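As a plain string of letters, each chain reads:
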Amino acid sequence: MTIRRTQRGSRPPVSALVPFVVAAVAWRTAASQEVPKLLQQALVIQNARVLTMADSSFAGESPAGAELERATIIARGGRIETIARDPELPFLKRVFDAEGKTVTPGFIDVHSALGMSTRTASANVMLRSVDGFDRYATRALNGALRQGVTAVYVSIPGAPGVHGRGAIVRLQPGDGPEIGEPLVADAALEIDLGSRLSPLARIKTLSDTRKRFESARDYREALDLYEEELKEYEEKLAERARAKEKEKNDKKKDGKPQNGKKRLAAGEKKSAPAQKKKDDDAPKKPRRPRYRPEYDVLLSALDGEIPVRVEVNRSDEILNAIELADELGLDLVLVGASEAHLVATEIPEEVPVVLETMPNTAAARTDEWARGSRETASVLSRAGRRVLVGSGARSAGDSRFVAFHAQLAAPGEDPRVILRRLTADAADLLRVAGEIGRVRPGLRADLVIWSGDPLDPASRVEKVFVGGKLAYDSSEGER
């Protein structure tokens, strides 16, 4: 095809380029597996000290290779592709030099109210925190990003009882001002056993919670019985249909009129139709139990499909929650647990404990915090229990302090253990270790570049990437 030019060096008309555009689109469609990757700009972080968080106190992984010096991270399509010393770099790339800096996975707040601007006064199992997450609460969300937090488990602050389902949200920037992308919409069933209530009210809350699960079991048994009766009903119908067909064929063979119809003689009048006789032997169709969607949610917890996070603080409530979970076979996570140090050895080793930050002043502490201790995390750790720390569900902006909370909850603890709780251990608890929490090929590129060691008070967050996209840059100032 010849393209004419009207003047020397002038551009061809747009219409003349149409065939080439069509051919390029066709080529891209034919090679759809290769072209998108070639056209994607890669994120490259060079010369970094990388704390991969490859070891985990939950997963029992080897710490070998957990720290890499002068490494290069290549991420594309939102996920990490390579971590190596001198890898071959892609053609399309955006390079960040991290000489003398440290790279970690983004922090994960395992108990937060970030982006949750409202409270509910009722205990409703159908409530979902993912529906109440405000993606446009940018001040609070950016505040968390500036401190290296890239994912949060958001709870529904609500009334005592079974009050809904929490969600895991990654602080992925959108195309506009919005921030937040659900990673798991229904991450756990939440129960509050009413630490703030009177003793009688707490007993009633526990009893009502047990009854709700028992009702869900009864509902499933009723459904199972209905399915059995329905199957039996359909078999009886089929058997009756076969019997009638056989009777019809037998009459046909005997030469009798089909369908029991009598032929009229000449001049004979047709008599009035006889009233149809009621078939008392016909099988009765069973009635299906009324659909109860809230029971489906409770049954998913009974079947271990989602964990159950029980918010308790007092030692007796902690033991009640453990007994309830053992009785019902629930995958229990204790949340709050300000008196867990008093019953540390009675908490099963497989039950994680998510601690909240204690109120700073004695005047602010209510009864359920009265016997709380700054040593709770250390006591639980020495007892071999699984400990994590979240910012809590009291304030929608506290996630930005989650690293400080984790250090405050475990004074004198090895900084690497605290860092692991905020990353790998948090991902293991939330069942998203295959997505976030570590710097590993195949996982999401949720990365933080620190000026120094992450838990050194003198260090600061310089850059945050969520899904390989730059979400915060200290050089650009606050949003």
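Details of the structure are given in the entry above.
Residues numbered from 1 in each chain as written. Predicted model: local features only at pLDDT ≥ 70, side-chain atom pairs only at ≥ 80, totals over all residues. Heavy atoms only, no water.

Of all the 10 residues making up helix H6 (residues 293–302), eight are buried; the element is thus mostly covered by neighbouring parts of the structure. Contact partners of the buried residues in H6: strand S8 (161–173), strand S9 (179–192), helix H5 (199–253), strand S10 (308–312) and helix H7 (315–328). The first or second residue beyond H6 is Gly-304, which carries a positive phi of 80°. (Buried < 20%, exposed > 50% of the residue type's maximum accessible area, 1.4 Å probe, protein only. Helix = DSSP H or I, 4+ residues; strand = E, 2+ residues; numbered from the N terminus. Contact = heavy atoms within 4.5 Å.)

This part covers the nonpolar core. In this structure, Leu-189, Phe-213, Ile-318, Leu-334 and Ile-347 are the most contacted members of the largest nonpolar core, which totals 75 residues. Not counting residues up to four positions away in its chain, the partners in contact with Leu-189 are Val-125, Val-162, Gly-164, Arg-165, Phe-213, Val-297, Leu-298, Ala-301, Ile-306, Pro-307, Val-308 and Arg-309. (Core = buried A, V, L, I, M, F, W, Y, C linked by side-chain atoms within 4.5 Å.)

With respect to the helices, strands and loops of the structure, Ala-406 is situated in helix H9 (residues 402–409). Along the chain, Ala-406 and Asp-109 lie 297 residues apart, while their C-alpha atoms are 9.9 Å from each other.

The subject of this paragraph is the layout of surface pockets. Empty space among the atoms becomes visible once a probe the size of a water molecule is rolled across them. Space inside the second largest pocket adds up to approximately 310 Å³. Together, 18 residues line the second largest pocket, and Gln-147, Ala-403, Phe-404, Trp-450 and Pro-454 are the ones closest to its centre. Classifying every residue of the lining of the second largest pocket by side-chain character gives 11 nonpolar, three polar and four charged. (1 Å grid on protein atoms, 1.4 Å probe; cavity = no way out; pocket = protein on both sides within 12 Å on 5 of 7 lines; lining within 4 Å. Points joined across faces, edges and corners; volume = space filled by probe spheres on them. Nonpolar A, V, L, I, M, F, W, Y, C, P; charged D, E, K, R; others polar.)

This part is about the sheet that holds strand S12 (residues 353–355). The strand order across the open sheet formed by eight strands is S6-S7-S8-S9-S10-S11-S12-S13, and the pairing between neighbours is mixed. The sheet is open, and its two edges are formed by strand S6 (107–112) and strand S13 (387–389), each paired on a single side. Put simply, the sheet's adjacent strands are angled 30° from each other on average, direction ignored. Relative to S12, strand S11 (residues 332–336) runs parallel, the two being bridged by three bridges. (Pairing = 2+ DSSP bridges. Axes fitted to C-alpha atoms, helices over the stretch in contact; angles between N-to-C directions.)

What follows concerns the packing of H5 against H6. As a packed pair, H5 and H6 sit with axes 9 Å apart at the nearest point and diverge in direction by 100°. Here H5 is positioned roughly perpendicular relative to H6, judged by the angle of their axes. In this structure, H5 uses Arg-212, Phe-213, Ser-215, Ala-216, Arg-217, Tyr-219 and Arg-220 to contact H6, whose residues at the interface are Tyr-295, Asp-296, Leu-298, Leu-299, Ala-301 and Leu-302. In terms of residue class, the contact of H5 with H6 is built from eight nonpolar, one polar and four charged. (Parallel < 35°, antiparallel > 145°, perpendicular 65-115°, else oblique.)

Another aspect to go through is the environment of Gly-166. Within the secondary structure, Gly-166 sits in strand S8. The exposure class assigned to Gly-166 is buried, which follows from its relative accessible area of 0%. Sequence separation of Gly-166 and Ala-188 is 22 residues, and the distance between their C-alpha atoms is 5.5 Å. The residues contacting Gly-166, other than those within four sequence positions of it, are Ser-129, Tyr-153, Val-154, Ala-185, Asp-186, Ala-187, Ala-188 and Glu-190.

Before going further, it helps to spend a moment on the packing of H5 against H7. Orientation of H5 relative to H7, taken along the N-to-C sense of each, is 10°, at an axis distance of 12 Å. The angle between the axes of H5 and H7 places the two elements in the roughly parallel class. Along its contact with H5, which presents Arg-202, Leu-206, Thr-209, Arg-210, Phe-213, Glu-214 and Arg-217, the element H7 presents Asp-316, Glu-317, Asn-320, Leu-324, Glu-327 and Leu-328. Residues of the contact of H5 with H7, tallied by class, amount to four nonpolar, two polar and seven charged.

This next bit is on the side chain of His-405. For His-405, the location among the structural elements is in helix H9. With sequence-adjacent residues up to four places away left out, His-405 is seen in contact with Thr-357, Val-389, Gly-390, Ser-391 and Asp-398.

Following the criterion strictly, the structure yields three cavities of 30 Å³ or more and no others. Considering only enclosed or pocket space, the second largest cavity measures out at about 70 Å³ in volume. Taken together, Tyr-153, Ile-168, Ala-187, Ala-188, Pro-307, Arg-309, Val-333, Leu-429, Leu-430 and Arg-431 make up the lining of the second largest cavity. When grouped by side-chain class, the residues that make up the lining of the second largest cavity number eight nonpolar, no polar and two charged.

The element S10 is extensively covered by neighbouring structure, given that four of its five residues are classed as buried. The sheet contact formed by S9 and S10 spans four bridges and is parallel. Residue pairing for S10: Leu-189 is matched across the bridge by Val-308. Read as a crossover between parallel neighbours, the route from S10 over H7 to S11 is right-handed. (Right-handed = clockwise from strand over helix to strand, strands pointing away.)

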